[in-house]
Amino acid sequence: MSTNSSGVRLRSVTKRFRSGTIGIDNASLTIEGGEFVTFLGPSGSGKTTTLNTIAGFVRPTSGSIEIGGRDVTKVPPSKRNLGIVFQNYALFPHMSVRDNVAFGLHGRGLSKHEVSKRINDVLTMVRLGGLEDRRPKQLSGGQQQRVALARALVYQPPVLLMDEPLSALDKALRDQMQVEIGRIHREVGTTFLFVTHDQNEALGLSDRIVLFNEGRILQVGTPSELYEQPRSLFAAQFLGESNVFRGRVTSAQTLEFAGVPLRFNGGAPATKSAAIVVRPENLLVRQADEARPDENQVSALITNISYFGSFRSIMVSYLDGSSGQLRESASSEARFSRGDNVSVCWDPGRAVLVDDGEAAA
Amino acid sequence: MAATARRLSGRSRRTSALLLMLPALAVVLVFFVYPVIALSARSFLEPEPGVSQYVSLFADGTTRTILVRTLVVAALVTAVTLVLAYPYAYLMSLSGPGVRALLLFLVLLPFWSSLMARTFAWIVLLQPRGIVATLLSSIGLGGVPLLGSQVGVTIAMTQVLLPFMVLPLFNTMVRIDRRLLSAAHSMGASKFRALVRVFVPLSMPGVAAGCVIVFVLSIGFWVTPRLIGSPQQSLIGQLIETKVGTLLDFAGAGAISVLLLVITAVLLLVAGAGARLLLGSPDSGGRNDE
Ligand SMILES: Nc1ncnc2c1ncn2[C@@H]1O[C@H](COP(=O)(O)OP(=O)(O)OP(=O)(O)O)[C@@H](O)[C@H]1O
Ligand SMILES: [Mg+2]
């Protein structure tokens, strides 16, 4: 429909609310035109505040915001020409679907014919044809969601902002809408900024993920970068499952975990106390005496084994009392059972070393 | 089994609700429904069964004039209170809890004194050299007779009835989801357009409720026009009072009362239908779940 898209740039944006709460703390971020970027983070981490500064509903305390190269820090929302999908949809209850969608076309110098063509096109795109005369109340949650999308896209904004647009839907509908939103992004080519605290949505939809915690941007990267190279313990634990071996760095290549030296690749961290993070699928279970010299190994006790069809999930408890999990293909024969003492091993190249968040705090 | 039990408990709950309502119901029946029925019955039965009372009501030029004047004054009072109350209620709905409480207190202030006392206070204020006259002449509207005139009556009634407009408006406005306005702005709407296309339509139920209440109360107003207005400018309430109190014409008074009741009922129906048309009734049309 449109190939119109703009980049967004935040420069050291800080928002301190009147209550003194910091909504976002010195956030800098560059988003390219046409990208699908998700803001991911736990509740209260500043995702909505950041989105609202871009939308213009929140005026930053300091810093600046550019959209399509234009500084919009002091421009009101009505002049930013953005599409916004609100969490509760915010559809106008007194207007039909058609009037809701037509609202944003007002004053854009379009002919009557063009207006009705745009409305028809966008309703077809979100698969809502035939419901033009309904009121929002007469639509299901998923249909309301589509109206909200249509309404925000019909005037072809260069950037579309969405704040947890799927959170009001049930699981099946959420998965379906997630696919739809991906398709619509490819069709319109507009820059999409999507807020969520659901890691599966973030991993499945985005070109890049911006990870928030406590008002700060912790890491920005593609889903696989965030998953495979988390730069903090928080990132590792927030996105996907991980096994965490906390310890002290004893040399440029080793970390001592519960008395066991573990090797890691890459340079030594700034802090003495750090953690090695390994994803479940990169761990192997071996008999306690089956160690190999090129692997790290840690003894563990199997606390539970669950069967998931294509794989088995093995829960273990490590020497320091922490628990972890690993995966084993279900096609290999089951060699272990609950209560076994085993060795958990991994190739040092398949693990990352991160600062120990707690020691830093 | 379970369904029967539920139906039984439903019925018993309805019975106890009815019992709780009984005292209030009795009061309404004895002091409102009975007099209304008795009075309207007399209007159809005296002097002989038929509609002669109503025929003479419309034939009598004075009654017609008074009726029209009453409706005009009521409409004027309704319009003025709406114009004054709308921005006030809007401000109230926007402000924080502290300011809101203060504004609510101010609007309810008239309720703290009796209607009589307030009306006499207005007599003082509306004196030819009183505050209101001075204010009016300072903006170039001097020489308007206030006491004993329709203008004075309208001013005093507006003040008395203002709370009945502010409260329903406020009640509707605080329920309007402000995110709808943010949504309108995000789509490029100016403050004015968002107000006109989103806020005002959604406040219409409050407007309708306030207008009906104020209009109906204005029609029935009696003390204020009696004390501030002049006998030559009397309103329908005074006419009823004269008929009942001086002429002992209960049938004639009954006929006027029935007419006022009909006007009120029609107004309520129109306002209700208007609100439904605007906001769409919640159960019209089929809901289509995906
Ligand atoms: N209007 C406000 N006034 C004061 N503090 C606020 C306001 N809005 C947000 N905050 C605070 O700013 C911080 C960030 O809030 P924000 O709404 O951006 O979080 P979020 O990441 O969107 O969370 P969620 O996932 O729960 O929506 C929180 O500590 C919150 O309490
Ligand atoms: Mg939020």
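Since we're looking at a predicted model, the values are computed, not measured.

Chemist: I'd love a proper account of the overall build of chain A, names of residues and values included.
Modeler: If you tally the helices and strands in chain A, you get nine helices and 20 strands. Once the C-alpha set of chain A is aligned to its principal axes, its extents read approximately 80 × 45 × 35 Å. Per-residue burial for chain A yields a buried fraction of 52% across its 361 residues. Within chain A, counting contacts between residues at least 6 apart in sequence, those at least 24 apart form 66% of the total.

Chemist: I'd love a proper account of helix α2 (residues 52-59) of chain B, names of residues and values included.
Modeler: Residue and element names in this part refer to chain B. Buried within α2 we find Gln53, Tyr54 and Leu57. Projected onto a plane normal to the axis of α2, the buried residues spread over an arc of 95° and lie on a single side. Exposed side chains of α2 directed beyond 90 degrees from the buried face belong to Val55 and Ala59.

Chemist: So what's going on with the pattern of salt bridges? Residues and values would help.
Modeler: Opposite charge on two side chains permits pairing when their charged atoms draw close. Tallying each qualifying case throughout the model produces 15 salt bridges over all chains. Where Asp175 of chain A meets Lys171 of chain A, a salt bridge forms, and the shortest distance between an N and an O atom there is 2.9 Å. Within this pair, Asp175 of chain A and its partner Lys171 of chain A are both found in helix α5 (residues 171-188), separated by four residues, close to a single helical turn. Note on Asp175 of chain A: relative accessible area 35%, which makes it partly exposed. Here Lys171 of chain A falls in the exposed class, since its relative accessible area comes to 51%. Across the pair Asp177 of chain B and Arg179 of chain B runs a salt bridge whose closest N-O atoms are separated by 3.2 Å. Classification of Arg179 of chain B as partly exposed rests on a relative accessible area of 42%.

Chemist: An account of the interface of chain A and chain B is needed here, citing residue identities and associated values.
Modeler: Residue-level contacts link 29 residues of chain A with 28 residues of chain B. Buried area between chain A and chain B, both sides added, is near 2400 Å², and the carbon and sulfur share of it is 55%. Our enumeration of links across chain A and chain B arrives at zero salt bridges. Taken together, the connections running from chain A to chain B amount to six residue pairs in polar contact (both at pLDDT 80 or more). Top contributing element to the side of chain A that touches chain B by residue count: helix α4 (residues 141-153) of chain A, with four residues. Here the residues of the side of chain A that touches chain B sort into 14 nonpolar, nine polar and six charged.

Chemist: Lay out the site of ligand 1 with the relevant residues and their values.
Modeler: Residue and element names in this part refer to chain A. Taken together, 14 residues surround ligand 1, and among them Ser43, Gly44, Lys47, Thr48 and Thr49 come closest. One of the backbone N or O atoms of Gly44 is found 2.7 Å from an oxygen atom in ligand 1. Separating an oxygen atom of ligand 1 from a side-chain N or O atom of His197 is a distance of 3.5 Å. Here ligand 1 has 630 Å² of accessible area as a free molecule, and 62% of this is covered by the chains. The biggest single contributor to the shell around ligand 1 is helix α1 (residues 47-55), with three residues. Looking at the shell around ligand 1 residue by residue, the class counts come to two nonpolar, 10 polar and two charged.

Chemist: Before we move on, can you summarise the confidence of the model for chain B with the specific residues and values?
Modeler: Residue and element names in this part refer to chain B. The predicted model of chain B averages 83 in pLDDT, with 92% of residues at 70 or higher. Put simply, helix α10 (residues 223-228) is where chain B has its lowest mean pLDDT, 77, and helix α8 (residues 179-186) is where it has its highest, 94. Scoring of the predicted complex yields 0.81 for pTM and 0.82 for ipTM.

Chemist: Tell me about the side chain of Ser96 of chain A, and name the residues and values.
Modeler: Residue and element names in this part refer to chain A. In this structure, Ser96 sits in the loop between β6 (83-85) and α2 (97-102). When its relative accessible area of 12% is taken as the criterion, Ser96 is described as buried. For Ser96, the residues in contact, after removing those within four places along its chain, are Glu132, Asp133, Arg134 and Arg135.

Chemist: Break down the domain arrangement of chain A for me, citing the residues and quoting the values.
Modeler: Reports of interface size often rely on the accessible area that becomes lost once the parts have come together. Taken domain by domain, chain A holds domain 1 (3-228) and domain 2 (241-360). Between the C-alpha centres of domain 1 of chain A and domain 2 of chain A there is a distance of 39 Å.

Chemist: How would you explain unusual backbone geometry if you had to name every residue and give the values?
Modeler: Omega for the peptide link from Glu46 of chain B to Pro47 of chain B comes to -5°, which places this bond in the cis form. Note that Pro47 of chain B resides in the loop between α1 (2-45) and α2. Of note in this structure, Ala90 of chain A is not a glycine but carries a positive phi near 50°. By the secondary structure assignment, Ala90 of chain A is in the loop between β6 and α2. Phi at Ala258 of chain A is positive, roughly 50°, even though this residue is not glycine. Classification of Ala258 of chain A by relative accessible area gives partly exposed; the value is 45%.

Chemist: Could you give an account of the domain arrangement of chain B, naming the residues involved and the relevant values?
Modeler: Residue and element names in this part refer to chain B. You can read the domains of chain B as domain 1 (1-45) and domain 2 (61-279). If you average the C-alpha positions of domain 1 and of domain 2, the two centres end up 32 Å apart. Note on domain 1 versus domain 2: buried area summed over both sides is about 520 Å², and carbon and sulfur give 81% of it. The largest contributions to the domain 1 side of the interface with domain 2 come from Leu39, Arg42 and Ser43, which together make up 72% of the buried area. Linking domain 1 with domain 2 are zero salt bridges. For the interface between domain 1 and domain 2, the tally reads zero residue pairs in polar contact (both at pLDDT 80 or more). Taken together, the residues of the side of domain 1 that touches domain 2 break down into two nonpolar, two polar and one charged.

Chemist: Outline the nonpolar core, listing residues and values.
Modeler: Counting residues in each nonpolar core, the largest one holds 106 residues, and the members touching the most others are Phe39, Val101, Leu123, Leu149, Leu161 and Leu193 of chain A. With 10 residues, the single largest contributor to this core is helix α7 (residues 150-174) of chain B. Apart from residues no more than four positions distant in its own chain, Leu161 of chain A is found in contact with Leu51, Ile54, Ala55, Leu82, Gly83, Ile84, Val85 and Leu193 of chain A. Formed by 23 residues, the second largest nonpolar core is a distinct cluster that contains Phe245, Val249, Val316 and Tyr318 of chain A.

Cut-offs and rules
- Residues numbered from 1 in each chain as written.
- Chains lettered and ligands numbered in written order.
- Predicted model: local features only at pLDDT ≥ 70, side-chain atom pairs only at ≥ 80, totals over all residues.
- Heavy atoms only, no water.
- Helix = DSSP H or I, 4+ residues; strand = E, 2+ residues; numbered from the N terminus.
- Buried < 20%, exposed > 50% of the residue type's maximum accessible area, 1.4 Å probe, protein only.
- Contact = heavy atoms within 4.5 Å.
- Arc of directions from axis to C-beta.
- Salt bridge = Lys/Arg side-chain N within 4 Å of Asp/Glu carboxyl O.
- Buried area = accessible area lost by both parts, 1.4 Å probe.
- Polar contact = N/O pair within 3.5 Å; in protein donor to acceptor, adjacent residues only side chain to side chain.
- Nonpolar A, V, L, I, M, F, W, Y, C, P; charged D, E, K, R; others polar.
- Near = heavy atom within 4 Å.
- Areas by Shrake-Rupley, 256 points an atom, 1.4 Å probe, with all protein chains shown as cover.
- pLDDT = per-residue confidence, 0-100.
- Domains from an automatic or database assignment.
- Core = buried A, V, L, I, M, F, W, Y, C linked by side-chain atoms within 4.5 Å.

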